[in-house]
Amino acid sequence: MPISKINLTSGITGTMPVANGGTGLASGTSGQFLKFTGSTTVASAAVDAKLGQVINAQFGYVQTNSTSFTDTGLTADITPSATSSKVLVLCSLVGCYVTAENTCLISRLVRGSTEILQTESIGGYTGNSNEIGYGGSSAASYLDSPSTTSATTYKIQFATRVSNNVSIGNWQSGSERGKSTITLIEVLA
């Protein structure tokens with residue numbers, strides 16, 4: 001029996017017929033991918049999550065001796081594309097420094113005027129009678145659900161537990177070594 005050839009571009013429409021124990025596959029839609037279902041079936045499925053816009057900001061040096069939270073200058077705005085979007089916030093504070101015994105630098109992440117995360121960045125001291133201080137870095141991440149499509153501001157504020165100086169960043173003007181950052185990543189539903 002002679003073997004016939006079938007032109008797949010014009011001879012078959014719709015779903016490819018199943019042959020020799022295989023499986024058929026209908027066309028998917030934009031934004032979908034192929035997945036294996038655990039049997040011999042292959043199907044198309046929507047991507048569970050996608051990343052949208054990415055916003056990044058940085059700042060240099062800031063100091064306070066206030067026990068009330070004040071802005072560091074580290075702030076970024078994002079406008080979510082849907083109310084179902086989440087915002088992944090990544091923060092990195094470098095050059096955190098306290099200058100006296102029993103001093104503590106605390107920081108917090110704020111959305112608009114609402115606190116959503118607070119951390120104790122640095123506590124304690126080291127040194128001798130001529131020099132007291134403690135330095136380090138702090139990092140935090142938070143997955144937020146702002147439920148809005150309006151422009152939303154995220155910022156870092158800081159304070160000290162007692163009225164002694166605390167600082168974030170490199171004190172040398174223009175130095176790139178002491179830049180702290182905040183990154184906002186939209187996670188689409």
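Just so you know, these numbers come straight off a predicted model, no measurement behind them. (Residues numbered from 1 in each chain as written. Predicted model: local features only at pLDDT ≥ 70, side-chain atom pairs only at ≥ 80, totals over all residues. Heavy atoms only, no water.)

## A closer look at the overall build of the protein chain
Counting its secondary structure elements, the protein chain contains one helix and 13 strands. Carbon together with sulfur atoms contributes 50% to the accessible area of the protein chain, which is approximately 11,300 Å² in total. (Helix = DSSP H or I, 4+ residues; strand = E, 2+ residues; numbered from the N terminus. Areas by Shrake-Rupley, 256 points an atom, 1.4 Å probe, with all protein chains shown as cover.)

## Topic: the nonpolar core
Buried together is how nonpolar side chains tend to be arranged in soluble globular proteins. With 22 residues, the main nonpolar core has Val89, Leu109, Tyr154, Ile168, Ile182 and Leu184 as its most contacted residues. Contributions of two or more residues to this core are made by β3 (50-59), β5 (70-78), β6 (86-98), β7 (104-111), β11 (152-160), β12 (166-168) and β13 (180-188). Broken down by element, this core gets its largest block of residues, six residues, from β6. (Core = buried A, V, L, I, M, F, W, Y, C linked by side-chain atoms within 4.5 Å. Buried < 20%, exposed > 50% of the residue type's maximum accessible area, 1.4 Å probe, protein only.)

## Re the pattern of salt bridges
Within this structure, the stated rule accounts for three salt bridges. Two residues, Asp71 and Lys155, come together in a salt bridge whose shortest N-O distance is 3.4 Å. Of this pair, Asp71 sits in strand β5 while Lys155 sits in strand β11; the two residues are 84 residues apart in sequence, bridging distant segments of the chain. Given the relative accessible area of 44%, Asp71 is considered partly exposed. (Salt bridge = Lys/Arg side-chain N within 4 Å of Asp/Glu carboxyl O.)

## Section: the environment of Asn164
The topology assignment puts Asn164 in the loop between β11 and β12. We classify Asn164 as partly exposed; its relative accessible area is 26%. Residues Asn164 and Thr99, 65 residues apart in the sequence, show an inter-C-alpha distance of 6.9 Å.

## Quick word on the side chain of Thr160
Relative to the elements of secondary structure, Thr160 occurs in strand β11. In this structure Thr160 touches Asn65, Ser66, Thr67, Thr103, Cys104 and Val166, once residues within four positions along its chain are discounted. (Contact = heavy atoms within 4.5 Å.)

## Quick look at the pairing of β11
With seven of nine residues buried, β11 is to be regarded as a mostly interior element. Relative to β11, β5 is paired through six bridges, and the arrangement is antiparallel. If you follow Thr70 over to β11, its bridge partner there is Phe158. Of the pairings in the sheet, the one linking β7 to β11 comprises seven bridges and is antiparallel in character. Paired with Leu105 across the two strands is Thr160, which belongs to β11. (Pairing = 2+ DSSP bridges.)

## Overview of the confidence of the model for the protein chain
Across the protein chain, the average pLDDT comes to 76, with 59% of residues at or above 70. Confidence drops under pLDDT 50 across residues 124-129; counting only partners more than four residues distant or on other chains, this segment forms 14 contacts. (pLDDT = per-residue confidence, 0-100.)

## Looking at the environment of Gly95
Position of Gly95 relative to the elements: it lies in strand β6. Owing to a relative accessible area of 33%, Gly95 belongs among the partly exposed residues under this scheme.

## Description of the side chain of Thr64
Locating Thr64 in the fold gives a position in strand β4 (residues 62-64). Separated by 3.1 Å, the side chain of Thr64 and the backbone nitrogen of Ser66 make a polar contact. (Polar contact = N/O pair within 3.5 Å; in protein donor to acceptor, adjacent residues only side chain to side chain.)

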